Amino acid sequence: MNEIDRKTPSARVCPICGKPVDEAFKPFCSKRCADIDLNRWLSGVYTVPAKEDEDEDGERPAQDGTDEES
Ligand SMILES: [Zn+2]
């Protein structure tokens, strides 16, 4: 009944704040830290075109992005 020992903090730590990683939010410790990293990522590396191309027909290009929901 050592449920507390199920977590192994020594394995990984959150790159944002250094706390032990939570399995639900890995590689981060919490959704907050995941959001922080995501914001950094979006504002830095990932450059998204602000405007979408709108054709005369009004067709929107289908987004083939992979939604990773695990
Ligand atoms: Zn964290």
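Structure shown above.
These lines cover the structure that appears in this document, whether it is placed above or below.

Criteria and cut-off values
- Residues numbered from 1 in each chain as written.
- Predicted model: local features only at pLDDT ≥ 70, side-chain atom pairs only at ≥ 80, totals over all residues.
- Heavy atoms only, no water.
- Donors = N, O, S within 2.8 Å, 3.2 Å for Na, K, Ca; no water.
- Tetrahedral: all angles 85-135°; square planar, octahedral: opposite > 155°, others 65-115°.
- Helix = DSSP H or I, 4+ residues; strand = E, 2+ residues; numbered from the N terminus.
- Buried < 20%, exposed > 50% of the residue type's maximum accessible area, 1.4 Å probe, protein only.
- Salt bridge = Lys/Arg side-chain N within 4 Å of Asp/Glu carboxyl O.

A few points about the coordination of the zinc ion
Point 1. Summarising the metal site, the zinc ion is bound by the protein donors Cys14 (SG), Cys17 (SG), Cys29 (SG) and Cys33 (SG), whose distances to it range over 2.3 to 2.4 Å.
Point 2. Every donor counted, the four donor atoms about the zinc ion form angles of 99 to 118 degrees at the centre, which fits tetrahedral coordination.
Point 3. All donors of the zinc ion come from a single chain, and their spacing in sequence reads C-x2-C-x11-C-x3-C. With Cys17 in the segment before helix H1 (31-43) and Cys29 in the segment before H1, the pair connects residues that are 12 residues apart, well separated along the chain.
Point 4. We classify Cys17 as partly exposed; its relative accessible area is 37%.

With respect to the pattern of salt bridges
Where charged atoms from two side chains of opposite charge come close, those side chains can pair.
Point 1. Scanning all chains against the criterion turns up two salt bridges.
Point 2. Glu23 is the partner of Lys26 in a salt bridge, and the nearest nitrogen-oxygen pair spans 3.3 Å.
Point 3. On the basis of relative accessible area, Lys26 is assigned to the partly exposed category, the value being 45%.
Point 4. Where Asp35 meets Lys31, a salt bridge forms, and the shortest distance between an N and an O atom there is 3.2 Å. Of this pair, Asp35 and Lys31 both sit in helix H1, four residues apart, which is roughly one turn of that helix.
Point 5. In this structure Asp35 comes out as partly exposed when scored by relative accessible area, which is 33%.

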